[in-house]
Amino acid sequence: MTLVVDKFRSLLPPRAKHSPSGWTSFNAPCCGHRGHKADTRKRGGIRFDGDGVVYNCFNCKFSTGWQPGSPLGEKMKTLARWMGAGEDLIKEMVFEALKTESADYTPEAHEPTLQFTDKELPEGAMPLMDWVNSEYWKDIAPEVEPVIAYVVSRGYDPFDGNYHWSPAPGYESRVIIPFMWEGRVVGNTARKVTNGKPKYLSDQHPNFVFNFDKQTEDQKYIFVCEGPFDALSVGGVALLTNEIAEQQARIINSLGAEVIVIPDQDSAGLVLFDRAAELNWSVAMPTWDEDVKDVADAVLRYGKLFVIVDAIKTAQKGPIKISIAKKQQEHKLELRKDD
Ligand SMILES: [Zn+2]
């Protein structure tokens, strides 16, 4: 596969459906831009054809492609943009296409970019319910009970299968949350349920988007939070950091939903404002009380419905509105420090 195709392939939504015919189907990004109703039936098709690629929309009939030995056409560039490519990526594709026009070009093999490989959970990890039902329960109860109590105190159901425990050294007083991707475990984070550091022990791929597996194609909004508990509490996704990597943005955009970032109410969360503006995402300006620092705390105090409605109602979009919102946020945080 050529680098052009390799880079183009990285734009494919993670939920694209591969079929034996060789077509990879996903919701066509073209239709809405061409005056047609947005596609929700995966009628956009890509076929990797030799070292090149063809795209065909079986809805609005937009089609384009690229073959080695030729420049990257305008329609391919447009399609790449619709699929979420930034100008940097387009430039790289143009440059790689140019290289294939040279006489001494030989194709190279490359791994596709969007791949989260399997990772093991900490040794012996099992869902909390399985531990309660295990023959070891009497022996481990003193260690596992505080973990169960912690999950309950955060407002979650400890037995819904999301929460694991492992007797492995260093994990005894932690609740483990597996990171899932396409039904596979690709990492985890283990949060300490007692005081002590580190608060989180994590094993994760860079640019992973937590809880993306639980999003559905028909949802109107996708809520982007910082931590895994935040994401679980509103059914959103978590960046696992306060930055948004390009690959994370692409994954989140691939759902085609309106993106609302709900930052933590601290100075670290301010970083998200500029990046959200750049990505044309919205930023929520929650009306929570001062002592509520993040989504998970807010849901615990006000309930999920309030937090979601509040986020939608207060969401700011566009560079000007977001820069004003950021100034207000800075001011608010400044006032709190003075208290
Ligand atoms: Zn189309």
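The structure we're discussing is the one just above.
If you're wondering where the values come from, they're calculated on a predicted model, not measured in any experiment. In this convention, every chain numbers its residues from 1, walking through the sequence in written order. The model is predicted, so local features are restricted to residues of pLDDT at least 70 and side-chain atom pairs to those at 80 or more, both for listing and for counting; the totals for chains, interfaces and linings are taken over all residues. The side-chain figures draw on all heavy atoms in the structure; neither hydrogens nor water molecules are used.

**Student:** Help me understand the pairing of strand 8 (residues 174-181) in this model?
**Tutor:** Regular strands show a simple pattern: their side chains alternate between the two faces of the sheet. Most of strand 8 is tucked away: seven of the eight residues are buried. Two strands are counted as paired when DSSP detects at least two bridges linking them. Secondary structure elements are taken from DSSP: a helix is a run of H or I of four residues or more, a strand is a run of E of two residues or more, and numbering for both begins at the N terminus. Taken together, the eight bridges between strand 8 and strand 9 (residues 184-192) define a ladder with antiparallel strand orientation. Looking at the pairing, Pro 178 lines up with Asn 188 of strand 9. Adjacent in sequence and paired antiparallel, strand 8 and strand 9 are bridged by two residues, among which Glu 182 carries a positive phi angle near 50°. Buried, partly exposed and exposed residues are distinguished by accessible area as a fraction of the type maximum, computed with a 1.4 Å probe on protein chains only: under 20%, between the cut-offs, and over 50%, respectively.

**Student:** For this particular structure, what's the right way to read the nonpolar core?
**Tutor:** In summary, soluble globular proteins display a tendency toward joint burial of nonpolar side chains. Definition of nonpolar core: a set of buried residues of the types Ala, Val, Leu, Ile, Met, Phe, Trp, Tyr and Cys, connected through side-chain atoms within 4.5 Å. Formed by 53 residues in total, the largest nonpolar core has its most connected members in Tyr 163, Ile 252 and Trp 281. Ranked by the residues each element gives to this core, the list is headed by helix 5 (residues 137-153), at eight residues. When near neighbours in sequence (up to four residues on either side) are disregarded, Ile 252 contacts Val 209, Phe 212, Ile 222, Val 224, Val 237, Leu 239, Val 259 and Trp 281. Core analysis: the next-biggest nonpolar cluster, separate from the first, contains 27 residues, Cys 30, Cys 57, Met 76 and Met 93 among them. Should any heavy atoms of two residues lie within 4.5 Å, those residues are counted as being in contact.

**Student:** Explain the sheet that holds strand 1 (residues 17-18) here, please?
**Tutor:** To summarise the sheet geometry, strands pair through backbone hydrogen bonds and adopt either a parallel or an antiparallel arrangement. The antiparallel open sheet is built from five strands, whose spatial order is 1-2-3-4-5. The open sheet is flanked by strand 1 and strand 5 (63-66), the only strands paired with a single partner. Across two bridges, strand 1 lies against strand 2 (residues 23-26) in antiparallel orientation. For Lys 17, the partnering residue across the bridge sits in strand 2 and is Ser 25. An axis is simply a line fitted to the C-alpha atoms; with a helix, the fit covers only the stretch in contact. Between two such axes, the angle follows the N-to-C directions and lies from 0 to 180 degrees. Packed on one face of the sheet, helix 2 (residues 74-82) meets strand 4 (52-57) and strand 5 and runs near 105° to strand 5.

**Student:** Is there a simple way to explain the coordination of the zinc ion in this structure?
**Tutor:** Metal coordination angles in their ideal form are 109.5 degrees for the four-donor tetrahedron and 90 or 180 degrees for the six-donor octahedron. Only nitrogen, oxygen and sulfur atoms count as donors, using a 2.8 Å cut-off from the metal that widens to 3.2 Å for Na, K and Ca. Water is left out, so coordination shells may look unfilled. The protein atoms donating to the zinc ion are Cys 30 (SG), Cys 31 (SG), Cys 57 (SG) and Cys 60 (SG), with metal-donor distances spanning 2.3 to 2.4 Å. Labels for metal geometry use angle windows, namely 85 to 135 degrees for all angles of a four-donor tetrahedral site, and for square planar (four donors) or octahedral (six donors) sites opposite donors over 155 degrees apart plus all others within 65 to 115; sites meeting none of these are irregular. Given four donor atoms and angles of 100 to 122° at the metal, the environment of the zinc ion is assigned as tetrahedral. With a relative accessible area of 0%, Cys 30 lands in the buried category. Owing to a relative accessible area of 0%, Cys 57 belongs among the buried residues under this scheme.

**Student:** Would you mind going over unusual backbone geometry with me for this structure?
**Tutor:** Residues other than glycine predominantly adopt negative phi, and peptide bonds predominantly adopt the trans conformation. In this structure, the amide linkage connecting Lys 197 to the following residue, Pro 198, adopts the cis form with an omega of -10°. In this fold, Pro 198 is placed in the loop between strand 9 and strand 10 (200-203). Of note in this structure, Lys 42 is not a glycine but carries a positive phi near 50°. With respect to the helices, strands and loops of the structure, Lys 42 is situated in the loop between strand 2 and strand 3 (44-49). Its identity as a non-glycine residue notwithstanding, Asn 211 has a phi of 70°, on the positive side. Assignment of secondary structure puts Asn 211 in the loop between strand 10 and strand 11 (221-225).

**Student:** Even after reading the chapter, I still don't get the layout of surface pockets, so can you show me in this structure?
**Tutor:** Unoccupied space between atoms shows up once a probe the size of one water molecule is rolled over them. Put plainly, a pocket is an open set of points on a 1 Å grid over the protein atoms alone with protein on both sides within 12 Å along at least five of seven lines, a cavity is a set where a 1.4 Å probe fits but cannot get out, and a lining residue has an atom within 4 Å of a point. Grid points are joined across faces, edges and corners, and a volume is the space filled by probe spheres set on the points. There is about 1,000 Å³ of room inside the largest pocket. Around the largest pocket, the lining comprises 38 residues; the ones closest to its centre are Trp 82, Asn 253, Ser 254, Leu 255 and Gly 256. Where the lining of the largest pocket is concerned, the elements lending two or more residues are helix 2, helix 7 (246-253), strand 13 (258-261) and helix 8 (271-278). Top element by residues in the lining of the largest pocket is helix 7. It accounts for four residues. Class assignment for the residues of the lining of the largest pocket results in 16 nonpolar, 11 polar and 11 charged. In this model, the second largest pocket occupies a volume close to 430 Å³. Taken together, 18 residues line the second largest pocket, and the ones lying closest to its centre are Tyr 200, Gly 227, Pro 228, Asp 230 and Asp 264. Counting only elements with at least two residues in the lining of the second largest pocket, the list comes to strand 9, strand 10 and helix 6 (228-234). Take the lining of the second largest pocket: its biggest share by element is three residues, from helix 6. Class assignment of the residues belonging to the lining of the second largest pocket gives a composition of five nonpolar, five polar and eight charged. Asp, Glu, Lys and Arg are counted as charged, while Ala, Val, Leu, Ile, Met, Phe, Trp, Tyr, Cys and Pro are counted as nonpolar; the rest, among them Gly, fall into the polar class.

By themselves, these figures tell us nothing about what the structure is for.
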